[in-house]
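Listed below, chain by chain, are the residues.
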Amino acid sequence: MDRSTLYPVVALLLAVCSLSPTSLAEAVHCDLQPVDNEALSQLDLTVQMSKQNGTRAREVLLVLDLDKTVHLRLQAPGIPLQLAYNHQHVITDMPQGVSAVPLTASRSQVLTWAGSKGAITSVAELNDPKNILLRLDPAPRSPSSCNLQPNMDMGHRLEWWPHTEGLVRGCGLEGVAGHKEAHILRVLPGSEARPRTVTVEVKLSCTSGDPDAVLILQGPPYVSWLIDANHNMKIRATGNYSIKIFPGKSFREEHLVLPDTPQGLLEEAQRLNASKVASFVEVPLASAISLQASSCGGLQTSPTPEQTTPLKETCNEGLLMSLLQPNCSDDTMTLELKKNLMWSLKCDISSLTFLDPRCQAEDRGDQLVLHSTYSSCGMKVTESVVNNEVVVSLLSSSSLQRKAVQCIDMKSLSFQLGLYLTPQYLQASNAIELGQQGFVQVSMSPPTPEIMPKLDSCQLDLKPEADTVELIQNQAAKGSCVSLLDASPHGVMRFSFLLRGYMVPTPKAGTLSCTVAMRLGTSSLVRRTVSMRLNIVSPDMPGKTLVLPAVLGITFGAFLIGALLTAALWYIYSHTRPPSKREPVVAVAAPASSESSSTNHSIGSTQSTPCSTSSMA
């Protein structure tokens, strides 16, 4: 496999899960447990690629592997992106220009699966991400190998922000009186020791002056700190640090060495007379870290309690409706709604129906299933598109929620596959010669404006004499001998390929097959495969027949050569023959007595008509 012809692959192995608490020290009693939050996580993923001298951006395959279901908001402006994911773990409205690829590999086989699609340019495994910004190189270099390294610094290429639930720890320090608080931030070393600046934003909810607090920043020696705090506090930091409100000034405590273990940092806070560790955070090397605390040490007085009514949690109706995605078969539309996701959105559904209220969803234990054939439940079929509405009734709302759903009626569509030997696509052929260029056309009828088919894959099966030739894979040309051509005005898909001229043993026939992928709005991806049988003609095959374009070409060439040869001979003849000399004409008058004699005259006489006169020269 020529890996240089494949498009780059970026794999994001996102472990969307909460981290278990780590023991800070045996002498410290921190009774903090991760919050059991079953709410549907939201992941914002932005992919950027810089433009390069007006050249077309390369197509990129982004592999997204997750541990639990997330609502994905994807942005990839101007990038020909293919997103591979498990549809059971990702709920998303695919933006324009992004195509979905089903991810069928298990966690242990993801890298192997991605490597079969193209050269892997980068891999990242993130814990509980909330926002991801991925910057791609327009002309990436394919590494010779892919070795995963922990805490790898990807620099400007990858920036991400995690969810903070369960990552902050706190506890009380025994034997220390007072109300002084300590906020401890420990940054773990990265895989590359180069100078880095970490921005630390500290926000404390203090309304009555600055708190009695100390900020302890511990990290690798090559890390410097930029502190942005909304209150004054004592600072203890390894290396240089600067404060945002004093630009240009850098501070450093000489001979200060902070311990690099959790137990040592707790002892340092105790030595600074802190009675409470309000926050203890350990994070990998990052460019920006935000700390927020609601407590404010001994200066914060508690307000007078007021009688309040707790806010009632309301259903996220918009996110609930986005979970309702139709799955389409040849004659059935099905929608599934998992109950655990519904409950995580605080939604209680009293009914789930199609436009026809008699078509109710079935309760199958862990999910609600709504399904119908294309001929019932208010389905309307127009131009090969099946339309209906999903109606949701919530206990918390008096108004009904509606969402339009669509499927493709595949039974009303037909697909045609044709091979041509000229780019004009005039005469179809069922034979191709080794070393010859073929032009393939795939069409759908009847053409439907709402359905835009795409060539997902094509291949030429030459077995048993030769291996299968991959022409198109994941909507991208495979190799330099295959070219995707512009579609016709009617949406007909076209491409060309050059068949290899030498094969041993020589194949005599093959099967050309293409898979067409279609998606309609938010419906599931539908694929159909169309194929045709081809005869393979070898250049040295005895008794091989010529195809019609070759016959016409030979006939026209012979006619043109004959016409040119005739014109050349006439030109030579007309310019090389000797010029002829004309003799003077002598008119002889016959005597009157011989008018009735013979009409035969000697040379030098002329014969006149009865109405003409003659004279003597």
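Please read all numbers here as calculations on a predicted model, not as lab measurements. (Residues numbered from 1 in each chain as written. Predicted model: local features only at pLDDT ≥ 70, side-chain atom pairs only at ≥ 80, totals over all residues. Heavy atoms only, no water.)

**Observations concerning the overall build of the protein**
Looking only at helices and strands, one finds five helices and 38 strands in the protein. In the protein, which comprises 617 residues, the share counted as buried stands at 41%. Restricting to contacts in the protein with at least 6 residues of sequence separation, those with at least 24 account for 67%. (Helix = DSSP H or I, 4+ residues; strand = E, 2+ residues; numbered from the N terminus. Buried < 20%, exposed > 50% of the residue type's maximum accessible area, 1.4 Å probe, protein only. Contact = heavy atoms within 4.5 Å.)

**Description of the sheet that holds strand 37 (residues 509-518)**
The pairing of strands in a sheet comes from backbone hydrogen bonds and takes either a parallel or an antiparallel form. Pairing in this open sheet of six strands is mixed, and the strands run 30-38-37-32-33-34 from one edge to the other. In the strand order of this sheet, the two ends are held by strand 30 (431-433) and strand 34 (476-477), each with one partner. In this structure, strand 32 (residues 454-461) lies alongside strand 37, joined through seven bridges in antiparallel fashion. Bridging across to strand 37, aspartate 461 finds its partner in threonine 511. (Pairing = 2+ DSSP bridges.)

**Quick look at the environment of glutamine 48**
Mapped onto the secondary structure, glutamine 48 falls in strand 2 (residues 41-49). By relative accessible area, glutamine 48 is classed as partly exposed at 36%. When the C-alpha atoms of glutamine 48 and leucine 133 are compared, they prove to be 7.7 Å apart, with 85 residues separating the residues in sequence. Residue contacts for glutamine 48: discarding those within four places in its chain leaves Ile79, Leu133, Leu134, Arg135 and Leu136.

**So, the environment of arginine 196**
You can see arginine 196 is positioned in strand 13 (residues 196-204). It is 7.8 Å that separates the C-alpha atoms of arginine 196 and serine 287, two residues lying 91 residues apart in sequence.

**Remarks on the sheet that holds strand 18 (residues 276-283)**
As summarised here, the arrangement of the five strands in space is 11-18-12-14-16, forming an open sheet in which the pairing is mixed. Edge positions in the sheet fall to strand 11 (169-172) and strand 16 (234-237), since each of these pairs with one other strand and no more. Between one strand axis and the next, the sheet turns through 15° on average, direction left out of account. Examined bridge by bridge, strand 12 (residues 181-187) and strand 18 share seven bridges and lie parallel to one another. In the sheet register, histidine 183 faces strand 18, and the bridge partner there is serine 279. On the sheet, helix 2 (residues 262-271) packs against strand 12, strand 14 (213-218), strand 16 and strand 18 and is oriented at approximately 150° with respect to strand 12. (Axes fitted to C-alpha atoms, helices over the stretch in contact; angles between N-to-C directions.)

**Considerations on the state of the cysteines**
As enumerated under the stated definition, the model contains four disulfides in all. The partner cysteine of cysteine 359 in its disulfide is cysteine 377, sulfur to sulfur 1.9 Å. Judged by the sign of its S-S torsion, about -95°, the bond between cysteine 359 and cysteine 377 is left-handed. Of this pair, cysteine 359 sits in the loop between strand 22 (349-353) and strand 23 (362-363) while cysteine 377 sits in the loop between strand 24 (367-373) and strand 25 (380-382), placing them 18 residues apart in sequence. The two residues cysteine 359 and cysteine 377 agree in class, both being buried. (Disulfide = S-S within 2.5 Å.)

**What to know about the confidence of the model for the protein**
Per-chain confidence: the protein averages 77 in pLDDT, with 76% of residues scoring 70 or above. When mean pLDDT is compared element by element in the protein, strand 28 (residues 414-420) scores highest at 93, while strand 1 (residues 9-15) scores lowest at 55. Throughout residues 15-37 the model reports pLDDT below 50, and contacts reaching past four residues in sequence, or to other chains, amount to 44 contacts. For residues 584-617, every residue scores under 50 in pLDDT, and the model assigns this stretch twelve contacts once sequence neighbours within four places are set aside. (pLDDT = per-residue confidence, 0-100.)

**Focus on the packing of aromatic side chains**
Evaluation of the coordinates by the stated rule reveals five aromatic pairs. Ring geometry for tyrosine 425 and phenylalanine 439: centres 6.1 Å apart, planes at 80°, overall edge-to-face. Taken together, the residues tyrosine 425 in the loop between strand 28 and strand 29 (428-429) and phenylalanine 439 in strand 31 (residues 437-445) connect sequence positions 14 residues apart. Per residue, the accessibility class of tyrosine 425 equals that of phenylalanine 439, and both read buried. (Phe/Tyr/Trp six-rings, centres within 6.5 Å; stacked < 30°, edge-to-face > 60°.)

**Digging into helix 2**
Working note: α-helix, 3.6 residues per turn, so residues spaced by three or four point in the same direction. Of the positions making up helix 2, those classed as buried are Pro262, Gly264, Leu265, Leu266, Glu268 and Ala269. The positive-phi residue at the C-terminal boundary of helix 2 is asparagine 273, with phi of around 65°.

**Comments concerning the pairing of strand 13**
Regular strands show a simple pattern: their side chains alternate between the two faces of the sheet. On strand 13, burial follows the alternation: Arg196, Val198, Val200, Val202 and Leu204 on one face are buried, whereas Thr197, Thr199, Glu201 and Lys203 on the facing-out side are not. As paired elements, strand 13 and strand 15 (residues 223-229) share seven bridges and run parallel to each other. Opposite glutamate 201, over in strand 15, you have aspartate 228 as the bridge partner. Relative to strand 19 (residues 288-293), strand 13 is paired through six bridges, and the arrangement is parallel.

**Examining unusual backbone geometry**
The omega angle of the peptide bond from serine 445 to proline 446 is -5°, so this bond is cis rather than trans. As for its position among the elements, proline 446 is in the loop between strand 31 and strand 32. For the bond running from lysine 463 to proline 464, omega is 10°, close enough to zero to count as cis. The phi angle at cysteine 377 is positive, at roughly 60°, despite the residue not being glycine. On the basis of relative accessibility, which here comes to 10%, the residue cysteine 377 falls in the buried class.

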